[in-house]
Structure formats: structure tokens, C-alpha cells
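Below, each chain spelled out in residue letters.
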Amino acid sequence: MHNTVICPGSFDPVTLGHIDIITRASKMFDNVIVGVFVNGDKHPAFSIEERVAHLQKTVGDIPNITVMSCDGLLADCAKELGASAVVRGLRAVSDFEYEFQMALTNRKLNPELDTVFLASDAGYTYLSSSIVKNVASLGGDISNFVPACIHDEIFNRLNMKGTE
Ligand code: ADP
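Residues numbered from 1 in each chain as written. Predicted model: local features only at pLDDT ≥ 70, side-chain atom pairs only at ≥ 80, totals over all residues. Heavy atoms only, no water.

Can you help me understand the site of the ligand in this one?
The immediate surroundings of the ligand are formed by 14 residues, with S10, F11, G89, Y124 and L127 found nearest. Coverage of the ligand by the protein chains reaches 84% of its 550 Å² of free accessible surface. The set of elements that each furnish at least two residues to the shell around the ligand consists of β1 (4-9), α1 (16-28) and β4 (85-90). Sorting elements by how many residues they give to the shell around the ligand places α1 first, with 3 residues. Here the residues of the shell around the ligand sort into 5 nonpolar, 6 polar and 3 charged. (Near = heavy atom within 4 Å. Areas by Shrake-Rupley, 256 points an atom, 1.4 Å probe, with all protein chains shown as cover. Helix = DSSP H or I, 4+ residues; strand = E, 2+ residues; numbered from the N terminus. Nonpolar A, V, L, I, M, F, W, Y, C, P; charged D, E, K, R; others polar.)

Here is the structure:
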């Protein structure tokens, strides 16, 4: 049985698509760890502390969800945290190849670690952190893309038009 799972990601910034996957996972598993990973983009729009705080504000009140920052290999972090599966969202066929490669790599590195894919909600298949960054930087409305409780914080940081 998978009692503890990890939802890893950059969450730079977190979107409603991420929140959909995380909350659905919290209904399927006893404990969900949201792992905000340091690695990846060397110039993130939001610091690791900010990204953790965004997720805390949004899903921190759900009793079986824990948000934390993680560094290094996902396969090692999962082992240390006692997570037996990784939960990832799949939006389209374009996500598949990369996700499949990561799932197989992670299982090679940690044979106990499985990956569970949840199909994206039909309303969020187009949504990504990059889309949010692009739209907000041009002053576009991102209120349908990010959680309401952190909208202003995210928009004000990303909206370059507001600072011109
Ligand atoms: P990474 O940088 O590791 O790809 P992201 O922060 O972009 O991490 O995404 C974390 C997880 O959320 C991934 O499993 C990704 O497929 C999933 N995800 C991202 N956007 C959406 C969305 N709109 N709907 C469903 N899942 C999503």
C-alpha cells in the first residue's frame, strides 16, 4: 500500500493545475508530501522560501499535506521521507516522454519507488508555470491560473509593465 507519496515540482509559481493534482492526491493517499525542488532553473522567478510559502498558504491547511523544500535527487529524497510513490500530473502527450523517462530513471535509482500519473483536469491542460510568467509579465490577467490567496503577490512580482 502507498501510504506516503511525494508530489515533486518546481512550482515557480504554483498554478491551479498543480493544486488540482495535489488535492486529488490527498484524497487518494494517507500522506502527501509536496516537495519543492531547489534544482532546475538557476534563475527562478520566486525563491525556494517564497514557493514553499505559496504552497503553504494554499494547501497547508489540508491535514494530510506537508509542504517542504527538497534538494538533490528525487529518488533519494523519497527514500529519506518514506514515500513509496511519486505523483505527477500528465497534461498532454507532450509531457509523456519526459515523464516516462523520469519515472523509469527514478525506479532504477530506487527500485522501491513507483510513479503514479494523474490525468490533468480538462480545464487545466493548457496551464503551466511558464504560461503564468509570460502572461503576467505582459500585464495579462492570471486570476484564472493561480490560487486567489496568492494572486496579488505573484502578479505584482511578475508584472513588468507595472514597473516600467
Ligand atoms: P517540473 O519543473 O518538475 O516539471 P512543475 O512545477 O512544472 O515541475 O510541475 C510539477 C508537477 O505538476 C508535474 O507533475 C507536472 O506535470 C504537473 N503539472 C504542471 N502543470 C499542470 C497542470 N496544468 N495540470 C496538471 N498537472 C500539472
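Now that the structure has been shown, we can carry on.
For this particular structure, what's the right way to read unusual backbone geometry?
Residues other than glycine predominantly adopt negative phi, and peptide bonds predominantly adopt the trans conformation. A cis amide bond links D12 with the next residue in sequence, P13, at an omega value of 0 degrees. The topology assignment puts P13 in the loop between β1 and α1. Even without being a glycine, F11 presents a positive backbone phi close to 50 degrees. In this structure, F11 sits in the loop between β1 and α1.

Can you help me understand the environment of E49 in this one?
Residue placement: E49 occurs in helix α2 (residues 48-59). Residue classification places E49 among the exposed residues on the basis of a relative accessible area of 57%. Remark: the alpha-carbon pair of E49 and V132, spanning 83 residues in sequence, is separated by 19 Å. (Buried < 20%, exposed > 50% of the residue type's maximum accessible area, 1.4 Å probe, protein only.)

What am I meant to see in the environment of T115 here?
Relative to the assigned elements, T115 resides in strand β5 (residues 114-119). Of the residues examined, T115 reaches a relative accessible area of 19% and is grouped as buried. Separated by 69 residues in the primary sequence, T115 and F46 have C-alpha atoms spaced 27 Å apart. Among residues more than four places away in sequence, those in contact with T115 are V86, R88 and A103. (Contact = heavy atoms within 4.5 Å.)

Sorry if this is basic, but what is going on with the pattern of salt bridges here?
Oppositely charged side chains may form a pair once their charged atoms are brought near each other. Evaluation of the coordinates by the stated rule reveals 7 salt bridges. Note that E153 and K57 form a salt bridge whose closest N and O atoms lie 3.0 Å from each other. Taken together, the residues E153 in helix α6 (residues 151-158) and K57 in helix α2 connect sequence positions 96 residues apart. The partner of R91 in a salt bridge is D95, with the nearest N and O atoms 3.0 Å apart. By relative accessible area, which is 13% here, D95 ends up buried. (Salt bridge = Lys/Arg side-chain N within 4 Å of Asp/Glu carboxyl O.)

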